Amino acid sequence: MTYSGAVKVGGPADVHELTDLMISKVAVGPMDNNAYLLRCRATDEQLLIDAAAEPHTLLSLIGDSGIKSVVTTHRHADHWGALREVVDATGATTYAGREDAEGIPVPTDVPVSDGDVIRVGRVELVARHLVGHTPGSIALVYDDPHGHAHVFTGDCLFPGGVGNTHNDPEAFASLLGDVETKLFGQLPDETWVYPGHGADTTLGAERPHLAEWRERGW
C-alpha cells in the first residue's frame, strides 16, 4: 500500500517502505503525537523517535525484537511521556539534544550536537540542532542513497509553518533561520518531512511560503 502518513490515535501505524529503511508512523496520546519506529532492513536493528505516550502501543509496535535506541526530539513532556516505560522494557540507549537533556526526566545516555550521526543498523541519521521551539530541539535527516532525503522534525517544522515559539520574536527568528539554513538550504524539494504531530509534508510544498512565514512572525 502507498504510504500517506495519515494516522490517528487508536488506529494502525502507516509504514513507509524504503530500500534500506522501514519507517512506521503511529499517533499516540491526548496531544496526537507522532512516534516513528525505524528499522534497518539489512540488520533488523530498530530505533524509536519520540516515545511520546501510550507505552503499550509503542511496545506492541516495537515487537519482540526490541529497539537499540530511542531519540527524543526535544524536552516537552508530550514527547517523552512513555520514555521511562519503553527504556525499562527494552534497555534502549537514549539520545536527545545536548541543550534539552536536562529537561527530560529519563537520563540521556548520549547528548547530541549539530552534525552528530546516529546509526540504526547500517543506516545513518544526521542530527540538526534547531533553536527556538526549545533550546535543544533536534531534527534527524536520513539521506537515502536510493532516493530523496527524509527528515524527522519534531516540533520544529510542520505543514504551514515552524513550531510554536510562544510569541517570542527572537525565538521565532532563530527557529526560522535554523530551519531555512539547515533544512531548506541543504535539502532538495523532494525531501519528505515527518513532524511531531499531524500530517507529513515535503520541503518543496513548504518552500514557497518561507517569506510569508517570516512576514507574519509565526
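Please refer to the structure placed before this passage.
Source: prediction; values computed, not measured.

Each value, and the rule that gives it
- Residues numbered from 1 in each chain as written.
- Predicted model: local features only at pLDDT ≥ 70, side-chain atom pairs only at ≥ 80, totals over all residues.
- Heavy atoms only, no water.
- Helix = DSSP H or I, 4+ residues; strand = E, 2+ residues; numbered from the N terminus.
- Rg over C-alpha atoms; globule rule 2.2 N^0.38 Å.
- Buried < 20%, exposed > 50% of the residue type's maximum accessible area, 1.4 Å probe, protein only.
- Contact = heavy atoms within 4.5 Å.
- Lys, Arg positive; Asp, Glu negative; His and termini not counted.
- Charge placed at Lys NZ, Arg CZ, Asp CG, Glu CD.
- Polar contact = N/O pair within 3.5 Å; in protein donor to acceptor, adjacent residues only side chain to side chain.
- Salt bridge = Lys/Arg side-chain N within 4 Å of Asp/Glu carboxyl O.
- Arc of directions from axis to C-beta.
- Core = buried A, V, L, I, M, F, W, Y, C linked by side-chain atoms within 4.5 Å.

Turning our attention to the overall build of the protein chain. Secondary structure assignment for the protein chain yields 5 helices and 15 strands. For the protein chain, whose C-alpha radius of gyration is 16 Å, the value lies close to the compact-globule estimate of 17 Å for 218 residues. Along the longest, intermediate and shortest principal axes, the C-alpha atoms of the protein chain span 50 × 35 × 30 Å. Relative to its 218 residues, the protein chain shows a buried fraction of 51%. Contacts in the protein chain between residues far apart in sequence, at least 24 positions, make up 51% of those at least 6 positions apart. Seen as two clouds, the 15 positive and the 32 negative side-chain charges of the protein chain have centres 3 Å apart.

Moving on, we come to helix 3 (residues 169-184). Those residues of helix 3 not exposed but buried are Ala171, Phe172, Leu175, Leu176, Gly177, Asp178, Val179, Lys182, Leu183 and Phe184. Two to three positions downstream of the cap, the backbone nitrogen of Glu170 sits 3.0 Å from a side-chain oxygen, assigning the N-cap of helix 3 to Asp168.

Within the structure shown, the criterion is met by 11 salt bridges. In this structure, Glu180 and Arg214 form a salt bridge, with 2.3 Å as the shortest nitrogen-oxygen distance. Of this pair, Glu180 sits in helix 3 while Arg214 sits in helix 5 (residues 210-216), and the two are 34 residues apart along the sequence. Arg216 is paired through a salt bridge with Glu212; the nearest N and O atoms lie 3.8 Å apart. Of this pair, Arg216 and Glu212 both sit in helix 5, 4 residues apart, which is roughly one turn of that helix. Residue classification places Glu212 among the partly exposed positions, given a relative accessible area of 41%. Salt bridges linked by common partners bring Asp114, Arg128 and Lys182 together as one network.

What helix 2 (residues 83-90) keeps buried is the set Leu83, Val86 and Val87. Projected down its long axis, helix 2 carries its buried residues within an arc of 95 degrees, all on one side. Counted as exposed and oriented over 90 degrees from the buried face of helix 2: Asp88 and Ala89. At the exit of helix 2 stands Gly91, carrying a positive phi of roughly 70 degrees.

Moving on: the nonpolar core. Counting residues in hydrophobic clusters, the biggest one holds 22 residues, and the most contacted among them are Leu21, Ile23, Leu38, Leu47, Leu140 and Phe152. Mapped onto this core, the elements with two or more residues apiece are strand 2 (21-28), strand 3 (33-40), strand 4 (46-49), strand 8 (117-120), strand 9 (123-129) and strand 10 (138-143). If sequence neighbours within four positions are ignored, Phe152 has contacts with Ile23, Tyr36, Leu38, Ile49, Ile138, Ala139, Leu140 and Tyr194.

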